[in-house]
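Close look at the chain arrangement
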Amino acid sequence: MNVKEELRKNLKYIVILIVLLSLYVVLAVFFNSDGNDKQGDGYLIVGESLIYQKVNDNWEQLTEVPDISDLNFTVYDGNNKKENVKVQYNSNMWYFFDDDYNEINYDNFRIAFTNNLDVKINQNTVQRYDNTDEKYISQIIDTNNSESIESYKISLRKLNLDIDNDDEEETLYTMSNYSYEVTDYKQISYLFIVDNGVVKIIDSSEGFEPFVIIDSMDLDGDGKFEVIVAKNVMDVPSFDSCYQIYGVKNGEYTLLKDCKYKNS
């Protein structure tokens, strides 16, 4: 092979390489043009101290807030939804800004998610005990201890939601009788649901591992609301608290994701 043929062959490979590199750059710019393809498929912020990263259809809990200041978020404050919001976390507080970096104040911030995610929040909010819950509590607990019963009532949280997409709302409950003081009764916590008046226990735990409903939303666009529950949180939850996701699988109310942190 003479020198001219060798140069022509090498030039061919160089041209192919340039075309491939150009294609890669174009695709990279296209998929990152909205700033939402950074380090995964998207981010979901729930309340003050929970952040998930969605990677390959899996929700991974992060124990620290990554640099998400250049991403575009949709923010829901309980009443209104606003798109294309910038989010920053400083000094244990979330801050929100519009396109011109004017601060947006949210009095009842609930969730924020990157614009590329399809998340629908449950309009209902978490409620506390009232007298209508008495009949359900009595079906769950097996005690006549007045102190224990009172602890269940005080700790009770409930949320109305259509968890199975049957166009009828169910009510999810959490309650515990745990106490910091020495007690003469067994300490146990419950997560249960009332579906058409029927009580079903989804999970329970003994000792200092209470369940607390955080919020609920449709995370995958199937019309069913998943529920985020904090477990073993005694006071104020933090980013490394145990958060679980409950929902319906194969027709059963069950734990969908336990509190496994990213890279753990």
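The structure under discussion appears in the preceding block.
Residues numbered from 1 in each chain as written. Predicted model: local features only at pLDDT ≥ 70, side-chain atom pairs only at ≥ 80, totals over all residues. Heavy atoms only, no water.

**Thoughts on the overall build of the chain**
Helix and strand content of the chain: three helices and 18 strands. Looking at the 264 residues of the chain, the share that counts as buried comes to 43%. Across the chain, every contact between residues at least 6 apart in sequence was considered, and the portion connecting residues at least 24 apart equals 49%. Carbon and sulfur atoms provide 47% of the accessible area of the chain, an area that totals close to 15,200 Å². (Helix = DSSP H or I, 4+ residues; strand = E, 2+ residues; numbered from the N terminus. Buried < 20%, exposed > 50% of the residue type's maximum accessible area, 1.4 Å probe, protein only. Contact = heavy atoms within 4.5 Å. Areas by Shrake-Rupley, 256 points an atom, 1.4 Å probe, with all protein chains shown as cover.)

**Points about the state of the cysteines**
Applying the stated rule across the entire model yields one disulfide. Covalently, C242 is tied to C259 through a disulfide, its sulfur atoms 2.1 Å apart. Where C242 bonds to C259 through sulfur, the torsion about that S-S bond is close to -80°, and the disulfide is left-handed. Of this pair, C242 sits in strand β17 (residues 242–249) while C259 sits in the segment after β18 (252–257), and the two are 17 residues apart along the sequence. Exposure remark for C259: the relative accessible area of 22% places this residue in the partly exposed category. (Disulfide = S-S within 2.5 Å.)

**Quick notes on the sheet that holds strand β12 (residues 170–176)**
Here five strands make up an open sheet; going across it, the order is β10-β11-β12-β13-β14 and the pairing antiparallel. Either end of the sheet is taken by a strand with one partner, and the two such strands are β10 (127–128) and β14 (198–206). Pairing of strand β11 (residues 157–161) with β12, which is carried by five bridges, proceeds in the antiparallel orientation. From the neighbouring strand, R157 faces β12, where its bridge partner is T174. The sheet strands contacting helix α3 (residues 146–155) are β10, β11, β12 and β13 (188–195), and the helix crosses β12 at an angle near 130°. (Pairing = 2+ DSSP bridges. Axes fitted to C-alpha atoms, helices over the stretch in contact; angles between N-to-C directions.)

**A look at the packing of aromatic side chains**
Under the counting rule described, the total for this entry stands at ten aromatic pairs. Relative to W94, the ring of Y89 lies with its centre 4.7 Å away and its plane at 55°, an arrangement referred to as tilted. Y89 gets classed as partly exposed once you look at its relative accessible area, which sits at 23%. We classify W94 as buried; its relative accessible area is 5%. A connected cluster of aromatic rings, assembled from ring pairs, spans Y89, W94 and F239. (Phe/Tyr/Trp six-rings, centres within 6.5 Å; stacked < 30°, edge-to-face > 60°.)

**Here's the deal with the pattern of salt bridges**
Applying the stated criterion to the full structure yields six salt bridges. We note a salt bridge from E134 to K153, for which the minimum N-O separation is 3.3 Å. Within this pair, whereas E134 is found in helix α2 (residues 134–140), its partner K153 is found in helix α3, the two being separated by 19 residues in sequence. Three or more residues are tied together by salt bridges with common partners; here these are D130, D133 and K158. (Salt bridge = Lys/Arg side-chain N within 4 Å of Asp/Glu carboxyl O.)

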